[in-house]
Amino acid sequence: MKTLIKLACFISILALTTAVLSDSHDDISTSKDWSVEATQAKGAGIPIMVIFSTEHCPYCVRLREEVLKPLIHNGALRGKVLIREFNIDGGGKITDFDGERIRSRIFVSRYEIFATPTVVLVDYHGKPLTPPIVGFNEADSYTDFLDEAISSAVMSLAALHWPRFAGS
């Protein structure tokens, strides 16, 4: 009887874990502690993609659904970039890349966000590696533009850390 109960518990936990993992696979995480994201990206040697959005932005939804989630699902971004979303409507304080607490509006104004969605690719210190990608029109062209920006950010990040190889 105890073995049967243990087996039932194990199956329940396995089913729950599988459901959570499959649901979060296509999910885009949000962040209010950029020092955690910086540590994670630095450890992986990849840039951070910050997607600035608002709650009621139809173009933000389209970017997520038509471009980002499919790219995440098919593994095209795996190992290339750490993706995090930041809702600019939220107030209060957040933790900056250096661990300091700052107001969220200061974080948003640093990147001169005036429209959503805006995608900014940054290094571990929050320094932009490429010009921002502002707005969203059509999925195919956006995907191509995003791919070019990610490649450029990866090369810029590599040049920052291995400057003697950058000119090779």
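In case you missed it, the structure is sitting above this.
Rules and cut-offs
- Residues numbered from 1 in each chain as written.
- Predicted model: local features only at pLDDT ≥ 70, side-chain atom pairs only at ≥ 80, totals over all residues.
- Heavy atoms only, no water.
- Helix = DSSP H or I, 4+ residues; strand = E, 2+ residues; numbered from the N terminus.
- Buried < 20%, exposed > 50% of the residue type's maximum accessible area, 1.4 Å probe, protein only.
- Areas by Shrake-Rupley, 256 points an atom, 1.4 Å probe, with all protein chains shown as cover.
- Arc of directions from axis to C-beta.
- Contact = heavy atoms within 4.5 Å.
- Expected span 1.5 Å × (residues − 1).
- Bend = angle between axes of the 7 residues up to and from the residue.
- Core = buried A, V, L, I, M, F, W, Y, C linked by side-chain atoms within 4.5 Å.
- Pairing = 2+ DSSP bridges.
- Axes fitted to C-alpha atoms, helices over the stretch in contact; angles between N-to-C directions.
- Disulfide = S-S within 2.5 Å.
- Phe/Tyr/Trp six-rings, centres within 6.5 Å; stacked < 30°, edge-to-face > 60°.

**Quick notes on the overall build of the protein chain**
The number of helices and strands found in the protein chain is 6 helices and 6 strands. Scanning the protein chain from its N terminus toward the C terminus, one meets helices and strands in the order α-α-β-α-β-β-β-α-β-β-α-α. A buried classification covers 38% of the 168 residues belonging to the protein chain. On the protein chain, roughly 10100 Å² of surface is accessible, and the fraction owed to carbon and sulfur atoms is 58%.

**Let's talk about helix H2 (residues 34–44)**
For H2, every residue scored as buried is listed here: Trp34, Ser35, Glu37, Ala38 and Ala41. All buried residues of H2 lie within an arc of 155 degrees about the axis, which places them on one face of the element. Of the exposed residues in H2, those oriented more than 90 degrees away from the buried face are Thr39 and Gly43. Buried-residue contacts for H2 involve strand S1 (48–53), strand S2 (82–87), strand S3 (93–95) and helix H4 (104–110). Just beyond H2, the residue with positive phi is Gly45, at close to 70 degrees.

**As for helix H3 (residues 58–73)**
Side chains three or four residues apart in an α-helix point the same way, a direct result of the helix having 3.6 residues per turn. The end-to-end C-alpha distance of H3, which contains 16 residues, comes to 21 Å, matching closely the 22 Å that a straight helix rising 1.5 Å per residue would cover. At Arg64, H3 shows its largest kink, close to 35 degrees. Within H3, the full set of buried residues consists of Cys60, Leu63, Arg64, Val67, Leu68, Leu71 and Ile72. Backbone geometry just after H3 places Gly75 at a positive phi near 80 degrees.

**Describing the nonpolar core**
As a rule of thumb, nonpolar side chains are buried together in soluble globular proteins. Within the largest apolar cluster, 42 residues are counted, with the highest numbers of intra-cluster contacts made by Met49, Phe52, Val67, Phe107 and Leu146. Residue assignment for this core shows that the elements contributing at least two residues are H2, S1, H3, S2, H4, strand S5 (118–122) and helix H5 (139–161). Sorting elements by how many residues they give to this core places H5 first, with 7 residues. For Phe107, the contacting residues outside a window of four places in its chain are Trp34, Phe52, Phe86, Ile94, Asp96, Phe97 and Ile102.

**Focus: the sheet that holds S5**
Strand order in the open sheet made by the 4 strands is S2-S1-S5-S6, with mixed pairing throughout. Of all strands in the sheet, those with a lone pairing partner are S2 and strand S6 (133–134), marking the two edges. The sheet contact formed by S1 and S2 spans 6 bridges and is parallel. Of the residues in S2, the one forming a bridge with Ser53 is Asn87. Across the sheet, H2 is in contact with S1 and S2; its angle to S2 comes to roughly 165 degrees.

**Re the state of the cysteines**
Summed over all chains, the structure comprises 1 disulfide. Here Cys57 connects covalently by a disulfide to Cys60, the sulfurs 2.4 Å from one another. Classification of the bridge connecting Cys57 and Cys60 rests on its S-S torsion, roughly 85 degrees, and on that basis the disulfide is right-handed. The exposure classification of Cys57 matches that of Cys60, with both residues buried.

**As for the environment of Ile150**
If you trace the backbone, Ile150 turns up in helix H5. Each C-alpha atom, one on Ile150 and one on Thr130, is 8.4 Å from the other, the two residues being 20 residues apart in sequence. For Ile150, the contacting residues outside a window of four places in its chain are Met49, Leu77, Lys80, Val81 and Leu121.

**Topic: the packing of aromatic side chains**
As enumerated under the stated definition, the model contains 10 aromatic pairs in all. Where Trp34 meets Phe107, the ring centres are 5.3 Å apart and the plane angle is 20 degrees; that geometry is what we call stacked. Residue Trp34 is found in helix H2, and its partner Phe107 is found in helix H4; the two are separated by 73 residues along the sequence. Overall, Phe107 belongs to the buried group, its relative accessible area being 0%.

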